[in-house]
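# Summary of structural features
Residue strings, one per chain:
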Amino acid sequence: MTLSDWLCLILVPLILTLLAIPLGEFMASVFSGGKNYLTPFFLPVERFLYRLLGVDEKEEMSWKSYAVALLFFNAIGIAALLFLQFIQGILPLNPQKLGAVRWDTALNTAVSFVTNTNWQSYSGEQTMSYLTQMLGLTVQNFLSAATGIAVSIAVIRGFIRKNAGTIGNFWVDITRSVLYVLLPLAFIWSVLLVSQGVVQTFSGYETVQTLDGGKQIIALGPVASQEAIKEIGTNGGGFFNANSAHPFENPTPLTNYLEILGLLLIPMALPFALGAMLKNRRQGIAIFAAMMILYLAGLGVFAWVETNGNPLLEKAGVADGINMEGKEVRSGVVGSVIFAHATTVTSCGAVNSMHDSMMPLSGLILLFNMTIGEVIFGGVGVGLIGLLSYAILTMFLAGLMIGRTPELIGKKLELKEMIMSIVIILSPAILLLLLSGIAISTRVGLSSLSNAGPHGLSQIIYAFASASGNNGSAFAGLNANTIFFNLTTALAMLVGRFSTIIPALIIAGALAQKKTVPPSIATFPTTGFLFIAMLVGVIIIVGALTFFPVFTLGPILEHLLMAAGKTF
Amino acid sequence: MKAKKINIWQAKFVIPAIRDSVKKLNPLVMIANPVMFIVEVVTVITSLIAIADIIGGRNVIFDLQIALWLWFTIIFANFSEALAEGQGRAQAESLKKNRSEAKAKRLRADGTQEVISALKLQKEDVICLEDGDTIPGDGDVIEGTALIDESAITGESAPVIRESGGDRSGVTGGTRVLSGKIKVRITANPGESFLDQMINMVEGAKRQKTPNEKALHILLIALTIVFIVVVVTFKYFAGYMKVDVNLSVLIALLVCLMPTTIGGLLPAIGIAGMDRLLQYNFIAMSGRAVEASGDVDVVLMDKTGTITLGNRMATEFIPVNREDEKELINAALLSSLADDTPEGRSIVILAKERLGVHGREIRAPQGSTFIPFSAEARMSGIDWSGRKIRKGSLEAIREFVAAQGTPITDPVLKITNDISTEGSTPLLVAQNEKILGAIRLKDVLKEGISGRIAKLRQMGIKSVMITGDNPLTAATIAAEAGVDDFVAEAKPATKLDLIRRYQGMGHLVAMIGDGTNDAPALAQADVAVAMNAGTQAAREAANIVDLDSNPTKLLDIVEIGKQILITRGALTTFSVANDVAKYFAIVPAIFIAQYPELRVLDIMSLGSAASAIMSAVVFNALIIPLLIPLALRGVHYKPASAAKLLRRNLLVYGLGGLVLPFIGIKLIDVIVNALKII
């Protein structure tokens, strides 16, 4: 690796941390209802919206009303998105005259964007009109991200409040997420992206003469505005099929790093927001540290494997040194590695390279990032929720081992919190194993595979890990636009999303009702190194125990076979 | 504290336990423990596979041995539970032994007596007892006073006084009236006494899971479900990779991964905790109370009886004039010779010591009249040959001397003031019109109490002393005993308010009480320990009863509570950590034939695929009986900071749990291959 590679690997987390700390503080003030420098601009807008929607911003909700409002809101989102896809042919802003989207693809896409997954079984430029992209997909990019942030804030309130029956107001939380956090950031990113050459136009596709005399149609569209929120909201749904590998989505090395920064920014800021809202910043730092340790460990292995290249291709004399297969030259190996790592530790799922072409052990890292539930920073909001669920599990074991009813941040962890955090941690894992098992043992599932042997297994696991983890990135190589995959992945996305959000709200409600236990010498401090180490250990062990067999058969076996010179 | 420990490793306990562990195989019983129930289900399936092998003429050796070891796994788990139950039963029996089933004299409504079997006594029955009678059931003295021998229950040979009205009215079935006539109102129906409740809790049927236990159960069940999914889908993933995995191998993998170690030992750990309570002469009303005691972070203690001995003792004579010292001591001695109060006796002892007349019997002189303490005069003394010696409080003596025309002098005031400032109580001694000096009466700490309070602090528990004394006295005792806080001039309602206040701040509060006016506070406290000698109201409001009536034993309850949780946590961690080694034993074994490259994962380099799977199963079964002593004894607990405790337990049970099975499985594999049994 060159010096600049090393710099990129180190600078990205460093710069992000420096940006995330003030953003976390800012978000804490936004959701605590405090004044900030955007209030003068947005407060009138906020007031107007509440009046328009008939929302009383002072009204507090129990976890049940919060959940009902959220489900209602998301159901409307799915219905609207479905409807839009069916009638896009007769609506304006459709220069390519694209017709109604096939029902299973439309359903999959609606679920996909509302659940912040942005799994795309279609290719954008051939399926979706500009209007659908803007009014449907981009709007949901904002709203699904806002939903995630709102729920994580509700959970934080659960820890803060004492003997309280309420956890905030969903409508207020979601409005503030959009107005104060997502819109300003998306605006900044759009401008920066446009400056680098990301296209933003309503005109139709260009037909151009190529150098060898042939014709080529170049797809265009209002890309930059969607591109920014794609990253900021860890959505990941590309305007084009090639996603961030497409030069109109991600034209330069600078945009490449901008996109990486964008997609990690809010997930990294949330632990700091937690610390600020708890008025216990060390707690936020501890949670952040656990995430960062896992992030750096995975990234280290990943970069090492990719920069060492593929021994078989080297032997054949077609490549040397590094693994460039499936990567854009302008992004380079390290630019692709950091992107791929970032997009799988979060639930983003944008891609700037073909994950399918990564080395087997790199594939293992990507799979691990997703299968542990995307808690290394994770998706906006839900990543923090996932990590807090692991923290609950960790403190349950730790509490028992020091002879006290387990507690976390002053809240006793009892039956309800245990059950719900287990649901959050394990249900995506169980779902992905079951669906992969079904896919791999049925003809309809197997027919979509492009590779045999262990790599084929990795493709299927990756698809369902991506769907149930609401990531949305694809391993490529798998033809997912079939009725079977459209329906199974839609199911995985729905279950994966709501088996995190609803239990999280239940936990928030249960915690808010409890009193806060004052710390004593017998309280295990959850800000120290031991806690961080144990939390990291629990995450790795839970992941390893659940996926050891399938990882052995997939990426590990593939790696060993490759080392022995065998291919499929 | 003395503990009556029963050695469980005797034939009379082990053999019935073995019998019980087979009886417990009944699926209807097993279902109470879902983890082990699933093990039983798959074990039956494996046994059927073995039988099918025999019928089909296939090689049965592998399947049969797997089935056998799976059965052992369940039986070992049942054995641990049965053994813990046996221990508890034996413990309870030893408490119950002396409970006679003799007759009881029941008072009829018309005032006459009838003799009925003690077993027929109902709640609210009133019985009459006199010298030599054994008390047939738990109850409250409603009339009279008696000397009672409680040695059958507490092991304490000194008899105790039980009387109606006060805070010492409770009597326990099985104890004996030495002298006195009392009427007792029975407070429990047959089979409902404290002891019966405790025995029920030890024996399966009425045992309720504590909230912590339930949460742990959920975790274990969730792990089980995940592993079932892992193993079932594993078959299909392997099938896709062209490897057919036998059902019996899948079951072996499943059972090895499932948390059978903790799942199997979980009931035993809870019961053994109860057993330990019994050893320390506690009766717990629920397992919940015991575990909550591990969480307690504030303890409310009465000063009198808990921190100090009940009575004040004389520690110093302070004369007004130096030269009067001898006279003061003499006067104090004379006035106290007939004074039978503990204070009086302590004055006699101190005076004899100062006069150097050890051992010699001194009697009140002929012709003297003793003036006992009376509530009106608030002093006691002696009249003898024209001398009127009185001792009493400042106010009483002030009146006494004023009546003879002398006012209190400044030096006297200074002495009493000094004594009060130091937290003691001054007792003035006057002879006729002259005040000779003062006796310092001091609260005396119970032996070892400050050490115990220090230990509480190490556990993170704050101690709060409650007393009716003035703040000065209270502060002195508090400082001497080393309590963290105190409340002086407390009224009966103070305790309840204090508990509510601490609970409002999020604390879990333990309270020790014996009086009827303690009952509301006991009912409010999270852990309420009542003295067995206390009133019925106190005992009913409490959730733990101390048969020894020794308030300092709270420490033992806290330790037992913590030990139960620690043992569960440690074995859960151990059990889960074990899975890593089992994966490394079983997964490569399944695939090596097809994919020899996977041999790198076989880091134990086990003999063969079959022996690898076998060894993991055997290890999984054998670890249960090996851990039974630990489960019954509990993980050692030493007060330390939470982080230190966790570090130690993580190291022993986490790291140990990770490493040990690698060694164990390798060893078993060597033996299995040496014996060529597979």
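Calculation notes
- Residues numbered from 1 in each chain as written.
- Chains lettered and ligands numbered in written order.
- Predicted model: local features only at pLDDT ≥ 70, side-chain atom pairs only at ≥ 80, totals over all residues.
- Heavy atoms only, no water.
- Helix = DSSP H or I, 4+ residues; strand = E, 2+ residues; numbered from the N terminus.
- Buried < 20%, exposed > 50% of the residue type's maximum accessible area, 1.4 Å probe, protein only.
- Contact = heavy atoms within 4.5 Å.
- Areas by Shrake-Rupley, 256 points an atom, 1.4 Å probe, with all protein chains shown as cover.
- Lys, Arg positive; Asp, Glu negative; His and termini not counted.
- Charge placed at Lys NZ, Arg CZ, Asp CG, Glu CD.
- Axes fitted to C-alpha atoms, helices over the stretch in contact; angles between N-to-C directions.
- Parallel < 35°, antiparallel > 145°, perpendicular 65-115°, else oblique.
- Nonpolar A, V, L, I, M, F, W, Y, C, P; charged D, E, K, R; others polar.
- Salt bridge = Lys/Arg side-chain N within 4 Å of Asp/Glu carboxyl O.
- Patch = residues over 30% accessible without salt bridge, like charges linked within 9 Å, V, L, I, M, F, W, Y side chains within 5 Å.
- Polar contact = N/O pair within 3.5 Å; in protein donor to acceptor, adjacent residues only side chain to side chain.
- 1 Å grid on protein atoms, 1.4 Å probe; cavity = no way out; pocket = protein on both sides within 12 Å on 5 of 7 lines; lining within 4 Å.
- Points joined across faces, edges and corners; volume = space filled by probe spheres on them.
- Pairing = 2+ DSSP bridges.
- Phe/Tyr/Trp six-rings, centres within 6.5 Å; stacked < 30°, edge-to-face > 60°.
- Lys NZ or Arg CZ within 6 Å of the ring centre and 35° of its normal.
- Expected span 1.5 Å × (residues − 1).

## Topic: the overall build of chain B
The helix and strand tally for chain B stands at 22 helices and 22 strands. In terms of overall dimensions, chain B has C-alpha extents of about 115 × 60 × 45 Å along its principal axes. Within chain B, the fraction of its 678 residues that count as buried is 56%. Residue pairs in contact within chain B that sit at least 24 positions apart in sequence constitute 70% of those at least 6 positions apart. Carbon and sulfur atoms make up 58% of the accessible area of chain B, which totals about 27600 Å².

## Notes on the overall build of chain A
Across its full length, chain A holds 19 helices and four strands. When its C-alpha atoms are laid out on the principal axes, chain A stretches across 75 × 60 × 50 Å. Classification of the 568 residues of chain A by burial places 65% in the buried group. In chain A, the share of contacts with a sequence separation of at least 24, taken over all contacts with a separation of at least 6, comes to 78%. Carbon and sulfur atoms provide 69% of the accessible area of chain A, an area that totals close to 19100 Å². Of the side chains in chain A, 28 bear a positive and 27 a negative charge, and the two mean positions are spaced by 13 Å.

## Concerning the packing of helix 3 (residues 63–87) of chain A against helix 7 (residues 170–195) of chain A
All names here are of chain A. At a minimum axis separation of 9 Å, helix 3 and helix 7 run at an interaxial angle of 55°. Taken as axis vectors, helix 3 and helix 7 run oblique relative to one another. Note on element contacts: helix 7 touches helix 3 through F170, W171, D173 and I174, opposite Y66, A69, L70, F72 and F73. Among the residues forming the contact of helix 3 with helix 7, the class breakdown is eight nonpolar, no polar and one charged.

## Re the pattern of salt bridges
Here the structure, examined in full by the defined rule, presents 46 salt bridges over all chains. A salt bridge links E306 of chain A to K327 of chain A; the nearest nitrogen and oxygen atoms lie 2.6 Å apart. Here K327 of chain A lies in the loop between helix 11 (311–316) and helix 12 (332–345) and E306 of chain A lies in helix 10 (residues 281–308), a separation of 21 residues in the sequence. Classification of E306 of chain A as buried rests on a relative accessible area of 0%. We classify K327 of chain A as buried; its relative accessible area is 9%. Note that D53 of chain B is salt-bridged to R58 of chain B, the shortest N-O span being 3.1 Å. Through salt bridges with shared partners, a single ionic network connects E46, R47, E57 and R176 of chain A.

## Comments concerning a positive patch on the surface
Residue and element names in this part refer to chain B. On the surface, K638, K644, R647 and R648 cluster together to form a positively charged patch. As for its position among the elements, R647 is in helix 22 (residues 642–675). We classify R647 as partly exposed; its relative accessible area is 46%.

## Quick look at the interface of chain B and chain A
How large an interface is tends to be reported as the accessible area lost when its parts come together. Listed as interface residues are 58 residues of chain B and, on the opposing side, 59 residues of chain A. Counting every contact that joins chain B to chain A gives zero salt bridges. The interface formed by chain B and chain A contains eight residue pairs in polar contact (both at pLDDT 80 or more). Breaking the side of chain B that touches chain A down by element, the ones donating at least two residues are helix 7 (211–240), helix 15 (449–458), helix 20 (554–591) and helix 22 of chain B. Of the residues in the side of chain B that touches chain A, the class split is 37 nonpolar, 13 polar and eight charged.

## Observations concerning empty space enclosed by the protein
In this approach, a probe sized like a water molecule rolls over the atoms, and the result shows the empty space that is left. Within the structure shown, the criterion is met by nine cavities of 30 Å³ or more. Quantified by volume, the largest cavity comes out at close to 240 Å³. Along its surface, the largest cavity is lined by 24 residues, and G373, E374, P428, G469 and T500 of chain A are the ones closest to its centre. Mapped by element, the contributors of at least two residues to the lining of the largest cavity are helix 13 (360–371), helix 14 (382–401), helix 15 (415–440), helix 17 (453–468) and helix 18 (483–513) of chain A. The element best represented in the lining of the largest cavity is helix 15 of chain A, accounting for five residues. Grouping the constituent residues of the lining of the largest cavity by class yields eleven nonpolar, eleven polar and two charged. Taken as a whole, the second largest cavity holds about 70 Å³ of empty space. The wall of the second largest cavity is formed by V299, M301, I449, R452, I453, L456, I512, P551, T552, L554 and L555 of chain B. At the level of elements, strand 11 (298–302), helix 15 and helix 20 of chain B are the ones that each hand at least two residues to the lining of the second largest cavity.

## Focus on the sheet that holds strand 21 (residues 527–531) of chain B
Residues and elements named next belong to chain B. Taken in spatial order, the seven strands make up an open sheet running 10-22-21-20-11-18-19, and their pairing is mixed. The open sheet has two edge strands, strand 10 (282–284) and strand 19 (485–487), and neither has a second partner. Here the average twist between neighbouring strands, direction ignored, is 20°. As paired strands, strand 11 and strand 18 (residues 462–466) are joined by five bridges and run parallel to one another. Its bridge partner lying in strand 18, V299 is registered against S463.

## Observations concerning the packing of aromatic side chains
As enumerated under the stated definition, the model contains 22 aromatic pairs over all chains in all. When the ring of F73 of chain A is compared with that of W171 of chain A, the centres are 5.8 Å apart and the planes differ by 85°; the resulting orientation is edge-to-face. In this pair, F73 of chain A is assigned in helix 3 and W171 of chain A in helix 7, connecting sequence segments 98 residues apart. Plain terms: the ring middles of F548 of chain A and F584 of chain B are 5.1 Å apart, the flat faces sit at 65° to each other, and that makes the pair edge-to-face. Separated into two different chains, F548 of chain A in helix 19 (residues 529–563) and F584 of chain B in helix 20 make up a pair that spans both. By the burial criterion, F548 of chain A is buried, and F584 of chain B matches it. Members of the aromatic cluster, each reached through a chain of ring pairs, are Y66, F73, F170 and W171 of chain A. Against the face of F282 of chain B rests K553 of chain B, its NZ or CZ located 4.3 Å from the ring centre.

## Some points on the pairing of strand 17 (residues 434–445) of chain B
All names here are of chain B. Most of strand 17 is tucked away: nine of the twelve residues are buried. Here strand 16 (residues 425–431) runs beside strand 17; their pairing, made up of seven bridges, is antiparallel. Note that in strand 17 the partner of P426 across the bridge is R440. A loop of two residues connects strand 16 with strand 17, the two strands running antiparallel in sequence, and N432 in this loop sits at a positive phi of about 50°.

## Quick look at helix 17 of chain A
Look at helix 17 of chain A: 23 Å from first C-alpha to last across 16 residues, which is about the 22 Å you get at 1.5 Å a residue. In terms of residue burial, helix 17 of chain A counts as a mostly covered element, since 16 of its 16 residues are buried.

On their own, these measurements won't tell you what the molecule is for.
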